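# Architecture at a glance
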Amino acid sequence: MSKRIDRIALPSMSPGTDRYLKVHRYGTPGARPKAYLQASLHADEIPGMMAAHHLIRRLDEADKRGEIQGEIIVVPVANPIGSNQVVNGIHAGRYELRGGGNFNRRWPDLFAGLIEATAGKLGTDAASNVAVVRQAIGDKLAAMTASGELSVLRLELSRLAYDADFVLDLHCDDDSHVHLFLIPDHWPDGQDLAALIGAEAVLLAADSGGASFDEVFSSPWAKLQEAVGAGYPVPAACLAATVEFRGRADVFDEIGEKDADALYTFLQRRGLIAGKARDVPSPRCQATMLDACDVVRSPAAGVLAYKVQLGQEVRTGDVIAELIDPLADDQAAARQLIRCQTDGKVLSRSMHKLVAPGDSIAKVVGSKSLAYRTGLLLED
Ligand SMILES: [Zn+2]
């Protein structure tokens, strides 16, 4: 039995209050492979927390049986700051109320300085290069300092995750089917993960533009390989993914147990837990580029009346929703049609039915890159 529970204090931001991160650690520090999982960085997205609850229970049992082979770290509440942001009864867990922005954007750039830090140290052996890169990123994080609660949270979570072989950041969408975000370097390697969690879409982007948690760990490897050339092999040594466990209302034991079983099986398949993993089910989708995902937006303020179901196949120009102007003099003529711009499958819808101009109201996963999808590919 090797389990350890750590508590990492965050600095107090007001007299008489303090928060902490709780870290469940399995296996031997430094053992390979290493997996890092965290839940609810967007603190009002609770399905991941439910999955982590069931996963920790399963891992505790495996630990008692001596079956942990690598190192596994689980942070079931990755964002205690956002967890407490309830304003007049509404949980506002996506953006920091102090002004720090979206909790899953602008994570530290771990590629900055990496070319210089590894110069003269890379060779022709991929495994040695992996060690060099991990050391360089670790040194960078060790030298970084932070003072405020959010910056300390970001730094501490980064230090836990940066050298993992697998980083899984558990989120959810609004009203949605399961989906997965990866960088292209991890496809089709991540196909087992996608199939196990039952992903209805896998969205690939080398750089989604948001410096999200998963990408800051996966993308430096690909960027460094591109910079140094094939003579110095730098493998994509950190498979980091944002896992979207359905919609925010999908928080039930039955679902959480199933999701935890998918994560457990993935860890087992990848050599972190002993025993024969169950078979991987048939994939429910192929991967598509994130810029082929049509983010359908509202043209005006109004009330949404959806005309499609989740998972429904649609064609370019199909009506996704009708937007009702509740102030129109003639309510018989109060509707305008909101159409999609691709052939594909409806992946998500909004829980909020009173919308403003520019609000994202649905995602439709197509197969062809869309010309308008440039810059920040994530929603905000
Ligand atoms: Zn999220």
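Note that the coordinates shown come from a computational prediction; the quantities given were computed from them, not determined experimentally.

### A closer look at the sheet that holds strand β4 (residues 71-75)
Strand order in the open sheet made by the 9 strands is β1-β2-β4-β3-β9-β13-β11-β12-β14, with mixed pairing throughout. Strands with a single pairing partner mark the edges of an open sheet, and in this sheet they are β1 (4-9) and β14 (287-289). Strand-to-strand twist of the sheet, defined as the mean angle between neighbouring strand axes without regard to direction, takes the value 25°. Relative to β4, strand β3 (residues 34-39) runs parallel, the two being bridged by 5 bridges. Residue pairing for β4: Y36 is matched across the bridge by I73.

### Thoughts on the coordination of the zinc ion
Each protein donor to the zinc ion is listed here as H42 (ND1), E45 (OE), E45 (OE) and H171 (ND1); together their distances run 2.0 to 2.6 Å. Metal-centred angles of 54 to 143° between the 4 donor atoms at the zinc ion mark the site as irregular. Counting gaps between the donor residues of the zinc ion yields the pattern H-x2-E-x125-H. With H42 in the loop between β3 and α1 (47-64) and H171 in strand β9 (residues 166-173), this residue pair connects regions lying 129 residues apart in the sequence. Relative accessible area serves as the criterion here: at 1%, H171 is assigned to the buried category.

### Remarks on the sheet that holds strand β19 (residues 335-339)
The strand order across the open sheet formed by 4 strands is β19-β18-β16-β21, and the pairing between neighbours is antiparallel. Looking at which strands have only one partner, the edges of the open sheet turn out to be β19 and β21 (354-355). Two strands pair when backbone bridges link them, and strand β16 (residues 302-306) and β21 are joined in this way by 2 bridges, in the antiparallel orientation. Residue pairing for β21: V303 is matched across the bridge by L354.

### So, the UniProt feature "domain: Succinylglutamate desuccinylase/Aspartoacylase catalytic" (unreviewed entry) in the protein chain
In this numbering, the UniProt entry assigns the feature "domain: Succinylglutamate desuccinylase/Aspartoacylase catalytic" (unreviewed entry) to residues 33-215. Helix and strand shares over residues 33-215 are 37% and 20% respectively, and the end C-alpha atoms of the span are 19 Å apart.

### Looking at the packing of aromatic side chains
In total, this model carries 4 aromatic pairs according to the counting rule given. Aromatic pair F166 and F266: ring centres 5.4 Å apart, planes at 80°, arrangement edge-to-face. Separated by 100 residues along the polypeptide, F166 in strand β9 and F266 in helix α8 (residues 253-269) bring together distant segments of the chain. Exposure remark for F166: the relative accessible area of 8% places this residue in the buried category. With relative accessibility at 0%, the residue F266 sits in the buried group. Residues F213 and F217 carry aromatic rings whose centres are separated by 4.8 Å and whose planes lie at 70° to one another, so their mutual orientation is edge-to-face. Taken together, the residues span about one helical turn, with F213 and F217 both in helix α7 (residues 213-228) at a distance of 4 residues. Using a relative accessible area of 0% as the deciding quantity, one classes F213 as buried. In textbook terms, an aromatic cluster arises when at least three aromatic residues are bridged by ring pairs, as seen for Y36, W107, F213 and F217. For the cation-ring pair, R7 lies above Y20, with the distance from its terminal atom to the ring centre recorded as 3.6 Å. The residue whose ring lies beneath R154 is W107, and the NZ or CZ to ring-centre distance is 4.9 Å.

Conventions and cut-offs
- Residues numbered from 1 in each chain as written.
- Predicted model: local features only at pLDDT ≥ 70, side-chain atom pairs only at ≥ 80, totals over all residues.
- Heavy atoms only, no water.
- Pairing = 2+ DSSP bridges.
- Helix = DSSP H or I, 4+ residues; strand = E, 2+ residues; numbered from the N terminus.
- Axes fitted to C-alpha atoms, helices over the stretch in contact; angles between N-to-C directions.
- Donors = N, O, S within 2.8 Å, 3.2 Å for Na, K, Ca; no water.
- Tetrahedral: all angles 85-135°; square planar, octahedral: opposite > 155°, others 65-115°.
- Buried < 20%, exposed > 50% of the residue type's maximum accessible area, 1.4 Å probe, protein only.
- UniProt positions renumbered as here; feature names shortened; annotations may be inferred.
- Phe/Tyr/Trp six-rings, centres within 6.5 Å; stacked < 30°, edge-to-face > 60°.
- Lys NZ or Arg CZ within 6 Å of the ring centre and 35° of its normal.

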